[in-house]
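Results of the structural survey
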Amino acid sequence: MYTAKFGGTATAPHNLKYVLSLIDDNMGAVVVSACGRSFDGDEKVTDLLNLFYVTHDEMVWRKIETKYRRLVEINGINIDIDKLLAEKKRNMCGNDRAYCLSVGEELTAKCVAAATGREYVEAADFICFDEGGRFDYRETKCRVETLANQKFVVGGFYGGKRDGGRATFERGGGDISGAIFAVWTSATLYENYTDVDGVCVANPRCVFCPKVLPQISYGQMRLLGSCGAEVLHPSAVDLPQKAALPVVVKNFWGSCGTTVYNYPCVDDVVSVTCRKTDGLYVTSVLHNLPDMGARAIADIARDVKNCVARCELSRDLSKIYASQDLTVETYNAFFQA
Ligand code: ASP
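Scoring rules and cut-offs
- Residues numbered from 1 in each chain as written.
- Predicted model: local features only at pLDDT ≥ 70, side-chain atom pairs only at ≥ 80, totals over all residues.
- Heavy atoms only, no water.
- Axes fitted to C-alpha atoms, helices over the stretch in contact; angles between N-to-C directions.
- Helix = DSSP H or I, 4+ residues; strand = E, 2+ residues; numbered from the N terminus.
- Parallel < 35°, antiparallel > 145°, perpendicular 65-115°, else oblique.
- Left-handed = near helix turned anticlockwise from the far one by under 90°.
- Contact = heavy atoms within 4.5 Å.
- Core = buried A, V, L, I, M, F, W, Y, C linked by side-chain atoms within 4.5 Å.
- Buried < 20%, exposed > 50% of the residue type's maximum accessible area, 1.4 Å probe, protein only.
- Pairing = 2+ DSSP bridges.

**Structural notes on the packing of helix H1 (residues 13-22) against helix H3 (residues 58-74)**
Contact geometry for H1 and H3: axes closest at 8 Å, N-to-C directions at 40°. Taken together, H1 and H3 sit at an angle that is classed as oblique. Note on packing geometry: the crossing formed by H1 with H3 is right-handed. Along the contact surface, H1 presents Pro 13, His 14, Leu 16 and Lys 17, while H3 presents Lys 67, Arg 70, Leu 71 and Ile 74.

Here you go:
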């Protein structure tokens, strides 16, 4: 049995029908995110919930309602969504931010459970945090292990606190929930369905059709995540690594994806990533070309020196700190030569 985690684009109203056709009997835990963007410029439900928590603006709530009504309507789901939305809105009043943010995952999971006829499992009863919101490893392990061999749908990203409230992981933390359910229900595979084809040699939103890496190691995945690759949350790698559980990151529309396991990618240049830290863009290159890689980075930095603050060159991970994202320049230098 394996665990499948579907991200926010997969669970957006117009995509769900296709996603429902992917859910099969080999899947034990099905972990879902709140509805994400349906089109460029659209808002994610989690962002809308955050805005509603801050502003209590009825217009914002209406946008959330509209998304879930559409989800139910266009996918023909038999659930009383109006009643559920009204109940959640009531519960959100007087509750904290974590509770409000968790509502998107809860709603999606209840809808997917109703659509598939699977059991709905309440994440707050299995993913445990202490009163201060710190993840409770032991208690979570004990509880999640009782779900081994069961087929169910659960919301990612959040859990329950000892005092009865809710807590969330960081944004993008549905990947961490997926890893928890995969490892502690003894799944043989953790499939993480997202909206890109896998882990690419550069951000597919910045460069055209970058190559997908067929395999990378857990350590490389964690490194890429901490350097800005958003495809899989870096903390979602720890538990699978300890359990030697393969993680496959793939597109829900179909792709072979990337297998994250014990075998590293040994290509000369593994991937170009970028993240913004303290006002500067840090473009990083993970490379297996000990000196040449670093030298190539130094050349790029020289070419665009007007925006470069400094470089850090090393045997396998080199970085350029600059006032601009240099993904395209760096990708062109390594992959378009
Ligand atoms: N819905 C949450 C977010 O947008 C968590 C997730 O999707 O992983 O960050």
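Once you've had a look at it, read on.
**As for the nonpolar core**
Membership of the largest hydrophobic core comes to 63 residues, with the highest contact counts inside it found for Ile 180, Phe 181, Ile 216 and Met 221. Residue contributions to this core peak at seven residues, all from helix H7 (residues 174-184). Setting aside chain neighbours within four positions, we find Ile 216 in contact with Val 199, Met 221, Leu 224, Thr 258, Thr 259, Val 260, Tyr 261, Tyr 263, Pro 264, Cys 265 and Val 270. Membership of the second largest hydrophobic core comes to 41 residues, among which are Phe 6, Ala 10, Leu 16 and Val 30.

**Section: unusual backbone geometry**
The residue Phe 157 is not glycine, and still its phi comes out positive at about 80°. The topology assignment puts Phe 157 in the loop between strand S5 (152-155) and strand S6 (158-161). The phi angle at Ala 244 is positive, at roughly 50°, despite the residue not being glycine. Looking at the secondary structure, you find Ala 244 in the loop between helix H9 (238-243) and strand S10 (247-251).

**Examining the sheet that holds strand S15 (residues 317-322)**
Ordered in space as S12-S13-S15-S14, the four strands form an open sheet in which the pairing is antiparallel. Strands with a single pairing partner mark the edges of an open sheet, and in this sheet they are strand S12 (269-277) and strand S14 (308-312). The average undirected angle you get between the axes of adjacent strands in this sheet is 15°. Direction of pairing for S12 relative to strand S13 (residues 280-287): antiparallel, over a ladder of eight bridges. Counterpart to Thr 277 in the pairing with S13 is Leu 280. The strands touched by helix H10 (residues 290-303) within the sheet are S13, S14 and S15, with S15 carrying the most contacts at an inclination of about 10°. Along the sheet, helix H11 (residues 327-335) contacts S12 and S13; its crossing angle with S12, the most-contacted strand, is approximately 170°.

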